[in-house]
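# Breakdown of the fold
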Amino acid sequence: MLGIVNERINFQVSPGQPSSISDDADVFTLVGSGHDAADLVNQKEIHWGLLEDSLEERLEKAGDRITDSDKADGEVKDGDLEENKKRSADGGKGGSTQKKLKKDKVVATTGKASRSESSTTSGAPRVKPELTLPIIPTEVEHSILEDLRNRVQLSSMTLPSISFYTFINTHNGLNCASISHDGSLVAGGFSDSSLKVWDMAKLGQQTGNTPSQGENELAPNENILNANAKGRSYTLFRGHSGPVYSTTFSPYGDFLLSSSSDSTIRLWSTKLNANLVCYKGHNYPVWDVQFSPVGHYFASASHDRTARIWSMDRIQPLRIMAGHLSDVDCVQWHANCNYVATGSSDRTVRLWDVQSGECVRIFIGHRSMILCLAMSPDGRYMASGDEDGKIMMWDLASGRCVSPLVGHSSCVWSLSFSCEGSLLASGSADSTVKIWDVTKSLKVSKTEENKNGKTNRLRSLKTLPTKSTPVYALQVYTD
């Protein structure tokens, strides 16, 4: 399932947004003559694999055991085939049984092949965590394992279904939106310093409300999030003293983080509907905040040109990562939580080691400010989207761009990989969502790439236009 949030009113920034980088001489210094420095940084060793003893690894091991038992069953079936051949030669009575066994064997083989082709995380190397990981409650662990077992494998032949959530009556006040990992909650941050959360399970149960403005123009399958409904259909959170610029749900949906122009980050409980902590450390507006894949830790990006690592139980940052020459506009965690990526108005993306706070990769290639980032589930690739509508796919190991994605005509505000990493979805201010084929497009060998002398381009599988509504956020999730 692909959850998407958009708005019917053109996006309007609030005071405090970074100034144009065209006036910053340092930016041109970095882009023009900083390639040598970037190449030197990119020689540092990084470990892009997944965490040891993760839930995914346990499930893979369990799957291997099942595969071994399938092989044993296959050997038994082969024996049955030989026996049936003898019977068929003797009297021809086993012909239909033989066909059935052959058919079963072919179906089983095809299923295994499709599963192995669609999964990109099984071949990823395993690394040790550099952060102390939180303990997952047993019931939550069982729930996650069950979800992993029932996960639908997406591919170019099996595209996700789409669910749009449209904000109306926002009066140019919506600054950001986010969707929980399971798609059950949608949050919006507004210029009046408020934060609103909608429960998708209760969205269709609203009664007594008159049709909202523009509701009759919506498609039948489009969901409406009315920011000013009389019979309130959302949970309202107040605490910030300035516009809210970013929101993010914890992996299990029980917590919500928000960042604001008041230079603070606030932690909210979606169970208690209350503010728990106010984190202070940045000196200027905080443009982005993101939970780590395991929860507990989170990262922030600010107008003060720094990114910071935090934990929920400490009010001061654990790490401060400085090095960008302009605003840090977006931040994204690596799948193994050992690295954090930052995108900046200086047109570069940097990868940081969370243990040392050191920059280990500098990615140069964008020609405008970077607005969003996404990491592939296996941790090998990273996608970045910029203000000009260009998306670039990077190989973390080499620090090089392996595939540019050209198709959007305006700002790319959101990127999301499918859970197995075979698809990439992008949402843009050009009022479209595009789905890209990652698996097949990246299968071109390095030798072929060197022969052609051209960078491989990702194949666009589908373009989904909206009704002139820019796409603020999207999330690929299993349902």
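Sequence positions are assigned chain by chain, starting from 1 and proceeding in written order. In view of the model being predicted, local features appear only for residues whose pLDDT reaches at least 70, and side-chain atom pairs are presented and counted only at 80 or more, with totals across whole chains, interfaces and linings using the full set of residues. To obtain the side-chain values, all non-hydrogen atoms of the structure were included, while hydrogens and water were left out.

Under an unreviewed UniProt entry, the name given to the protein is Transcription initiation factor TFIID subunit 5, and the organism recorded is Olea europaea subsp. europaea.

## Some thoughts on the overall build of the protein
Runs of E in the DSSP output that reach at least two residues are strands. Runs of H or I that reach at least four are helices, and both are numbered from the N terminus. If you tally the helices and strands in the protein, you get 7 helices and 30 strands. We call two residues in contact whenever any of their non-hydrogen atoms come within 4.5 Å of each other. Taking all contacts inside the protein whose residues are at least 6 apart in sequence as the whole, residues at least 24 apart take part in 58%. All accessible areas in this document rest on Shrake-Rupley with a 1.4 Å probe, and a residue is counted as covered only by the protein chains that are shown. By element, 49% of the accessible surface of the protein is carried by carbon and sulfur atoms, the whole surface being about 22600 Å².

## Topic: the packing of aromatic side chains
We call Phe, Tyr and Trp rings a pair once their centres come within 6.5 Å, taking the six-membered ring for Trp, and we label the pair stacked below 30 degrees between planes, edge-to-face above 60, and tilted otherwise. The full count for this structure, using the stated rule, is 11 aromatic pairs. Note on Phe167 and Phe190: the rings are 6.4 Å apart at their centroids and 70 degrees apart in plane angle, and the pair reads as edge-to-face. Of this pair, Phe167 sits in strand 4 (residues 162-168) while Phe190 sits in strand 6 (residues 185-190), and the two are 23 residues apart along the sequence. Remark: exposure states derive from per-residue accessible area (1.4 Å probe, protein chains only) relative to the maximum for the residue type, with buried under 20%, exposed over 50%, and partly exposed in between. Residue Phe190 is classed as buried on the basis of its relative accessible area, which comes to 4%. Arranged with centres 5.0 Å apart and planes meeting at 65 degrees, the rings of Tyr279 and Phe298 form a pair that is edge-to-face. Taken together, the residues Tyr279 in strand 13 (residues 274-280) and Phe298 in strand 15 (residues 297-302) connect sequence positions 19 residues apart. Each member of the pair, Tyr279 together with Phe298, is buried. Counting every residue linked through ring pairs, the aromatic cluster contains Phe167, Phe190, Trp198 and Tyr234. Charge-over-ring contacts are defined here by two conditions on Lys NZ or Arg CZ: a distance within 6 Å of the ring centre and an angle within 35 degrees of the ring normal. A cation over an aromatic ring shows up here: Lys196 above the ring of Phe190, its NZ or CZ 4.7 Å from the ring centre.

## Here we look at the side chain of His324
As for its placement among the helices and strands, His324 is situated in the loop between strand 17 (319-322) and strand 18 (328-333). Judged by its relative accessible area of 6%, His324 is buried. Between N or O atoms, a polar contact is any pair within 3.5 Å; within protein, one atom must be a potential hydrogen donor and the other a potential acceptor, and residues adjacent in sequence are included only when both atoms are from side chains. Among the polar contacts made by the side chain of His324, one reaches the side chain of Thr342 at a distance of 2.7 Å. A polar side-chain atom of His324 sits 3.1 Å from a polar atom in the side chain of Asp346. Dropping the residues within four chain positions of it, His324 is found in contact with Arg305, Thr342, Ser344, Asp346, Thr348, Arg350 and Trp352.

## Concerning the pattern of salt bridges
Salt-bridge detection follows one rule: a side-chain nitrogen of Lys or Arg within 4 Å of a carboxyl oxygen of Asp or Glu. All told, the structure shown has 3 salt bridges when counted by the stated rule. Glu358 is paired through a salt bridge with Lys44; the nearest N and O atoms lie 2.5 Å apart. Separated by 314 residues along the polypeptide, Glu358 in the loop between strand 20 (348-353) and strand 21 (359-364) and Lys44 in the loop between helix 2 (35-41) and strand 2 (50-51) bring together distant segments of the chain. The exposure class of Glu358 is partly exposed, given its relative accessible area of 39%. For Lys44, a relative accessible area of 31% puts it in the partly exposed group. In this structure, the salt-bridge partner of Asp304 is Arg308, at a minimum N-O distance of 3.5 Å. Arg308 carries the same exposure label as Asp304, and that label is buried.

## A few points about the pairing of strand 7 (residues 194-199)
Two faces belong to every sheet, and in a regular strand the side chains alternate between them. The element strand 7 is largely enclosed, with a buried count of 5 among its 6 residues. Here, a strand pair is defined by DSSP locating no fewer than two bridges between the strands. For strand 6 and strand 7, the ladder comprises 5 bridges, and the chain directions are antiparallel. Opposite Gly189, over in strand 7, you have Leu195 as the bridge partner. Hairpin remark: strand 6 followed by strand 7, antiparallel, with 3 residues in the connecting loop; positive phi at Ser193, about 75 degrees. With 4 bridges connecting them, strand 7 and strand 9 (residues 235-238) associate as antiparallel partners. By the bridge assignment, Lys196 is partnered in strand 9 with Leu236.

## Structural notes on the nonpolar core
If you look at soluble globular proteins, the nonpolar side chains tend to sit buried side by side. Buried Ala, Val, Leu, Ile, Met, Phe, Trp, Tyr and Cys residues that are joined via side-chain atoms within 4.5 Å together make up what is termed a nonpolar core. The biggest cluster of nonpolar side chains holds 19 residues, and the ones touching the most others in it are Ala299, Ile309, Met321, Trp333, Val340, Val354 and Ile362. Elements represented by at least two residues in this core include exactly helix 2, strand 15, strand 16 (306-311), strand 18 and strand 21. Each residue touching Val354, except ones within four places of it in the same chain, is listed here: Glu130, Leu131, Ile309, Arg319, Trp333, Cys337, Asn338, Tyr339 and Val340. Within the second largest apolar cluster, 15 residues are counted, among which are Leu373, Met375, Met382 and Trp394.

## Focus on the UniProt feature "repeat: WD" (unreviewed entry) in the protein
Residues annotated by UniProt as "repeat: WD" (unreviewed entry) correspond here to residues 167-200, 237-269, 279-320, 321-362, 363-404 and 405-446. When the span residues 167-200 is considered, its composition is 3% helix and 59% strand, and the gap between its end C-alpha atoms is 13 Å. Within the segment residues 237-269, helix and strand shares are 0% and 61% respectively, and the terminal C-alpha atoms sit 10 Å apart. UniProt positions are given in the numbering used here, feature names are shortened, and annotations may be inferred rather than shown by experiment.

## Regarding the sheet that holds strand 23 (residues 381-386)
One open sheet holds the 4 strands; their spatial order is 22-23-24-25, and the pairing between them is antiparallel. Each of the sheet's edge strands pairs with one partner strand only, and the pair in question is strand 22 (370-375) and strand 25 (400-405). Along the sheet, successive strands turn relative to each other by an average axial angle of 25 degrees, direction set aside. Interaxial angles span 0 to 180 degrees and are taken between N-to-C directions of axes, which are lines fitted to C-alpha atoms, for helices over the stretch in contact.

## Notes on the confidence of the model for the protein
The predictor reports its confidence for every residue as pLDDT, a score running from 0 up to 100. On average, residues of the protein score 76 in pLDDT, and 66% of them reach the 70 mark or higher. Scored below 50 in pLDDT, residues 17-33 makes 30 contacts in the model with residues more than four places away or belonging to other chains.

## Here we look at the sheet that holds strand 28 (residues 432-437)
As a general point, the strands of a sheet are linked pairwise by backbone hydrogen bonds and lie either parallel or antiparallel. Judged by pairing direction, the sheet is antiparallel, and its 4 strands sit side by side in the order 26-27-28-29 without closing on themselves. Edge positions in the sheet fall to strand 26 (412-417) and strand 29 (459-465), since each of these pairs with one other strand and no more. For this sheet the average axis-to-axis angle between neighbouring strands, irrespective of direction, equals 20 degrees. Looking at chain direction, strand 26 and strand 27 (residues 423-428) are connected through 5 bridges and run antiparallel. Pairing of Leu415 across the sheet is with Ser426, part of strand 27.

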